[in-house]
Amino acid sequence: DVKVTQSSRYLVKRTGEKVFLECVQDMDHENMFWYRQDPGLGLRLIYFSYDVKMKEKGDIPEGYSVSREKKERFSLILESASTNQTSMYLCASSYLRQINEKLFFGSGTQLSVL
Amino acid sequence: QKEVEQNSGPLSVPEGAIASLNCTYSDRVSQSFFWYRQYSGKSPELIMSIYSNGDKEDGRFTAQLNKASQYVSLLIRDSQPSDSATYLCAVIYTGGFKTIFGAGTRLFVKA
């Protein structure tokens, strides 16, 4: 089975801190994604990557950056955390860059910014 | 902005009934359509995918796609309490491969 691992299940940070969320997949997937999930808003795409060192903005990239130095690892960075970034963050991966690829999700990181 | 719309619910059905979940999308050239199920406190998992007009059945689940009406639905027959979850409609649009999600519909199946 594909495994997508997010480093932390719960995280509490202070406003202005730099925050790193890590995601690792073990099935040689090409594509990796970061979503945030908020009540009533569903999953919104922050950034995605279809190759090492490649990244593309999703629908809500403001205040975030990403890093993909190795194929299996995709990091989400909050340069200066703010309270409106309190959310559930979900990492996902998919095998190929095709239109019918399903997503495999990690277990999520619940981030609270105080 | 491409959009995927769902009724947030909650949708409540008795055990054994058919649950009908609906989704509309804004882009006529959408290519792939998915239903993900998300239990409370868990991550989404894929339950159905559909790519062409018509019905696709898998056990108690049937996905229906009507591209002319920009409408996709999920029917759950013989609903069970274990089907209680949030169901997320998702679309991949032509020219891209990123998945866009609706806000989800909460389903409660009453025993």
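Within any chain, residue numbers begin from 1 and follow the written order of that chain's sequence. Chains and ligands are labelled by the order in which they are written, letters from A for the one and numbers from 1 for the other. Residue-level local features of this predicted model are given only where pLDDT is at least 70; pairs of side-chain atoms are given and counted only at 80 or more, and the full residue set underlies all totals for whole chains, interfaces and linings. Only hydrogens and water are removed before side-chain values are computed, so all heavy atoms of the structure are retained for them.

Considerations on the overall build of chain A
Working definition: helices are DSSP H or I runs of at least four residues, strands are E runs of at least two. Numbering for both runs from the N terminus. Helix and strand counts for chain A stand at zero helices and 11 strands. Mapped in sequence order, the helices and strands of chain A form the string β-β-β-β-β-β-β-β-β-β-β. A compact globule built from 114 residues would reach a C-alpha radius of gyration of about 13 Å, and chain A, at 13 Å, matches this within 12%. Seen through its C-alpha atoms, chain A measures out along the principal axes to roughly 40 × 30 × 25 Å. Burial classes: relative accessible area under 20% of the type maximum marks a residue as buried, over 50% as exposed, and values in between as partly exposed (1.4 Å probe, protein chains only). Within chain A, buried positions represent 47% of all 114 residues. The contacts in chain A between residues at least 6 apart in sequence include a share of 56% that link residues at least 24 apart. Of the roughly 5600 Å² of accessible surface on chain A, 49% is carried by carbon and sulfur atoms. His is not counted here, nor are the chain ends, while Lys and Arg score as positive and Asp and Glu score as negative. Every charge is mapped to an atom, namely NZ of Lys, CZ of Arg, CG of Asp or CD of Glu. Across chain A, the mean location of the 16 positive side-chain charges is 4 Å away from that of the 15 negative side-chain charges. When we talk radius of gyration, it's over C-alpha atoms, and the globule rule is simply 2.2 Å times the number of residues to the 0.38. A contact between two residues is defined here by any heavy atoms of the two lying within 4.5 Å. Using a 1.4 Å probe, accessible areas were evaluated by the Shrake-Rupley method; residue-level cover was limited to the displayed protein chains.

With respect to the environment of Ser-8 of chain B
Residue and element names in this part refer to chain B. Among the structural elements, Ser-8 can be located in the loop between β1 (4-6) and β2 (11-14). Remark: the alpha-carbon pair of Ser-8 and Asn-53, spanning 45 residues in sequence, is separated by 25 Å. Those residues in contact with Ser-8 that lie beyond four places of it in its chain are Gly-104, Thr-105 and Arg-106.

Observations regarding the interface of chain B and chain A
Taken together, the 21 residues of chain B in the interface contact 25 residues of chain A. Taking both sides of the interface into account, the surface hidden between chain B and chain A amounts to around 1800 Å²; carbon and sulfur atoms contribute 60%. Here the quantity called buried area is the total loss of accessible area, with a 1.4 Å probe, experienced by two parts when brought into contact, counted for both. Ranking the residues of chain B by area buried against chain A places Phe-97, Lys-98 and Phe-101 of chain B at the top, with a combined share of 35%. In what follows, salt bridge is the name for a side-chain nitrogen of Lys or Arg lying within 4 Å of a carboxyl oxygen of Asp or Glu. Taken together, the connections running from chain B to chain A amount to one salt bridge. At the level of secondary structure, the elements contributing two or more residues to the side of chain B that touches chain A comprise β4 (30-38), β9 (85-93) and β10 (99-101) of chain B. In terms of residues, the side of chain B that touches chain A owes the most to one element, β4 of chain B, which gives five residues.

Quick word on the sheet that holds strand β3 (residues 19-25) of chain B
Two modes of strand pairing occur in sheets, parallel and antiparallel, and in both the strands are linked by backbone hydrogen bonds. Residues and elements named next belong to chain B. What makes two strands pair is DSSP finding at least two bridges between them. With antiparallel pairing, five strands are arranged side by side in an open sheet as β1-β3-β8-β7-β6. Across the chains shown, the open sheet's two edge strands, defined by having one partner strand only, are β1 and β6 (54-58). With direction set aside, neighbouring strand axes in the sheet form an average angle of 20°. As paired elements, β3 and strand β8 (residues 71-76) share six bridges and run antiparallel to each other. From the neighbouring strand, Ala-19 faces β8, where its bridge partner is Ile-76. To get an axis, fit a line to the C-alpha atoms, keeping to the stretch in contact for a helix; angles then go from 0 to 180 degrees between the N-to-C directions.

Side note on the pairing of strand β7 (residues 61-66) of chain B
Residues and elements named next belong to chain B. Sheet analysis places β6 next to β7, joined by five bridges and oriented antiparallel. By the bridge assignment for β7, Lys-56 is matched with Ala-63. Between β6 and β7, which pair antiparallel and follow one another directly, the connecting turn spans two residues, one of which, Gly-59, has a positive phi of 65°. In the sheet, β7 pairs with β8 via six bridges, with the strands oriented antiparallel. Bridging across to β8, Gln-64 finds its partner in Ser-73. The antiparallel hairpin formed by β7 and β8 contains four residues in its connecting segment, where Gln-70 sits at a positive phi of about 55°.

Description of unusual backbone geometry
All names here are of chain B. Here the residue pair Gly-9 and Pro-10 is connected by a cis peptide bond, since its omega of 10° sits within 30 degrees of zero. Relative to the elements of secondary structure, Pro-10 occurs in the loop between β1 and β2. In this structure, Gln-70 takes a positive phi of about 55° despite not being glycine. Within the secondary structure layout, Gln-70 lies in the loop between β7 and β8. Of note, the phi angle at Asp-78 is positive, near 50°, even though the residue is not glycine. For Asp-78, the location among the structural elements is in the loop between β8 and β9. The class for Asp-78 is partly exposed, based on a relative accessible area of 42%.

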